Amino acid sequence: MRNGWLEIGGVVVEDPFLEVDPEGFEFTVDDQPWRYREKAYLMIHKPGDYECSHKPKHHRSIFTLLPEELVNRDVQCVGRLDEDTTGLLLMTDDGQFIHQMSSPKRKVPKVYEITAKHPIDQAQIDQLLAGVLLHGEYEPVVADSCELVSDTVLRLTITQGKYHQVKRMLGAVGNRVEGLKRVRIGALDLPADLAPGEWRWLEAEDLEKLKPA
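Quick caveat: nothing in here was measured; it's all calculated off a predicted structure.

(A) A look at the overall build of the chain. When its secondary structure is counted, the chain shows five helices and 15 strands. Considering only contacts within the chain whose residues lie at least 6 apart along the sequence, 59% involve residues at least 24 apart. With the model as given, the accessible surface of the chain reaches about 12700 Å², and the carbon-plus-sulfur share is 49%.

(B) Region of interest: the layout of surface pockets. If you add up the space inside the largest pocket, you get close to 780 Å³. Elements represented by at least two residues in the lining of the largest pocket include exactly α2 (95–102), β10 (110–116), α4 (165–172) and β13 (177–185). Of the residues in the lining of the largest pocket, the class split is 13 nonpolar, ten polar and eleven charged.

(C) Structural context of the packing of aromatic side chains. Evaluated as defined, the whole model comprises two aromatic pairs. Where Y41 meets F97, the ring centres are 5.2 Å apart and the plane angle is 75°; that geometry is what we call edge-to-face. Of the two residues, Y41 sits in strand β5 (residues 41–46) while F97 sits in helix α2, which places them 56 residues apart along the sequence. Each member of the pair, Y41 together with F97, is buried. For the ring pair W199 and W201, a centre distance of 5.3 Å and an interplane angle of 80° mean the geometry is edge-to-face.

(D) Focus on the side chain of S61. With respect to the secondary-structure elements, S61 resides in strand β7 (residues 60–61). Polar side-chain contacts of S61 include one of 3.1 Å to the backbone nitrogen of F63. Contacts of S61, omitting those with residues within four sequence positions, involve Y50, E51, S53, H54 and P56.

(E) Quick look at the pattern of salt bridges. Going through the model one piece at a time under the given rule, you end up with eleven salt bridges. The closest approach of N and O atoms between D84 and K167, which form a salt bridge, is 2.9 Å. Of the two residues, D84 sits in the loop between β8 (76–77) and β9 (86–92) while K167 sits in helix α4, which places them 83 residues apart along the sequence. D84 gets classed as partly exposed once you look at its relative accessible area, which sits at 44%. The exposure class assigned to K167 is partly exposed, which follows from its relative accessible area of 24%. Between E137 and R168 there is a salt bridge whose closest N-O contact spans 3.8 Å. Residue E137 is located in the loop between α3 (122–130) and β11 (145–150), and its partner R168 is located in helix α4; the two are separated by 31 residues in the primary sequence. Owing to a relative accessible area of 24%, E137 belongs among the partly exposed residues under this scheme. Residue classification places R168 among the partly exposed residues on the basis of a relative accessible area of 22%. Each of the salt bridges in this network shares a partner with another, and the network as a whole consists of D82, D84 and K167.

(F) Region of the structure containing the state of the cysteines. Per the counting criterion, the structure on display carries zero disulfides. Note on C52: no disulfide assigned, nearest cysteine sulfur contributed by C77 at a separation of 4.2 Å. Of the residues examined, C52 reaches a relative accessible area of 6% and is grouped as buried.

(G) Quick peek at the nonpolar core. The biggest cluster of nonpolar side chains holds 34 residues, and the ones touching the most others in it are L42, I62, L89, M91, I114 and M169. At the level of secondary structure, the elements contributing two or more residues to this core comprise β5, β9, β10, α3, β12 (153–158), α4 and β13. With residues near it in sequence (within four places) discarded, L89 still touches L42, M43, I44, C52, I62, C77, V78, G79, L81 and R182. Membership of the second largest hydrophobic core comes to 14 residues, among which are V78, I185, L188 and L194.

(H) Here's a closer look at the side chain of D94. Along the chain, D94 turns up in the loop between β9 and α2. Buried and unpaired, D94 has K39 as its nearest opposite-charge partner, separated by 5.1 Å. Ignoring anything within four residues of it in the chain, the contact list for D94 reads K39 and Y41.

Cut-off values and rules
- Each chain carries its own residue numbering, running from 1 in the written order of its sequence.
- Under the rules for a predicted model, residues below a pLDDT of 70 receive no local features and side-chain atom pairs below 80 are neither given nor counted, while totals for whole chains, interfaces and linings still include all residues.
- Hydrogens and water molecules were not included; the side-chain quantities draw on all heavy atoms of the structure.
- Secondary structure elements are defined from DSSP: runs of H or I of at least 4 residues count as helices, runs of E of at least 2 residues count as strands, and each element is numbered from the N terminus.
- Throughout, a residue-residue contact means that at least one pair of heavy atoms, one from each residue, lies within 4.5 Å.
- With residues, only the protein chains shown are counted as cover, and all accessible areas are computed by Shrake-Rupley using a 1.4 Å probe.
- Points on a 1 Å grid, built from protein atoms alone, make a cavity when a 1.4 Å probe fits but cannot get out and make a pocket when they are open with protein on both sides within 12 Å along at least 5 of 7 lines; residues with an atom within 4 Å of a point are the lining residues.
- Grid points are joined across faces, edges and corners, and a volume is the space filled by probe spheres set on the points.
- Side-chain classes are defined by residue name, with Ala, Val, Leu, Ile, Met, Phe, Trp, Tyr, Cys and Pro counting as nonpolar, Asp, Glu, Lys and Arg as charged, and the others, Gly among them, as polar.
- Any Phe, Tyr or Trp ring, taking Trp's six-membered ring, that has another such ring centre within 6.5 Å forms a pair; planes under 30 degrees apart are called stacked, those over 60 apart edge-to-face, and the others tilted.
- A simple rule labels every residue: compare its accessible area, found with a 1.4 Å probe on the protein chains alone, to the largest value its type can have, and call it buried under 20%, exposed over 50%, or partly exposed in between.
- Within 3.5 Å is the distance limit for a polar contact, defined as a pair of N or O atoms, with the added protein rule that one can donate a hydrogen and the other accept it, and that residues adjacent in sequence qualify only through two side-chain atoms.
- Any carboxyl oxygen of Asp or Glu within 4 Å of a side-chain nitrogen of Lys or Arg constitutes a salt bridge here.
- Any cysteine sulfur atom paired with another within 2.5 Å is treated as part of a disulfide.
- We call a set of buried residues a nonpolar core when its members are Ala, Val, Leu, Ile, Met, Phe, Trp, Tyr or Cys and they connect through side-chain atoms within 4.5 Å of each other.
- Here the positive residues are Lys and Arg and the negative ones are Asp and Glu; neither His nor the chain ends is included.

Given below as structure tokens:
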């Protein structure tokens, strides 16, 4: 603090024992503005070829897209997206929030936009809605809804979270995923103005959209 890195209200703070009211507290570190948040909740538009891991094996880590301050807070991904899957990803340092959002009992709907290799017909949609049996599974998995956007683009809603589930579901009906993007979690949409690689805080109204209906 004695190096002039921290400012409050435009005034450099040198006293490491200064007491402040955390409610609405705003400060600046190295000219970067911050607002105090007891817990960090954020969304990021995950690009392709990024891994949701601190120790990626083949591609860059999604955490390299975040400021060092957030990485040091130990924010974690709320669930994971495959390295080649893009779209809406939530991150937080609140373990209880991660557990709640990931719990299969909560059945949080997630909407994916699928680009398929072959045209999608009504028979495939009917199969997905009726349920398909995935390799290694003992019970069928069911799509909550399917919306055909074009001959090869499908918006699919699921409430489970099995390994590579969307890709395996499309494979089970004789098609193949060529591109996959998550566009909604709960009632929270991926903002149109959030470019791939960008992140932003989840505000109170965003968190409200993630609560069970």
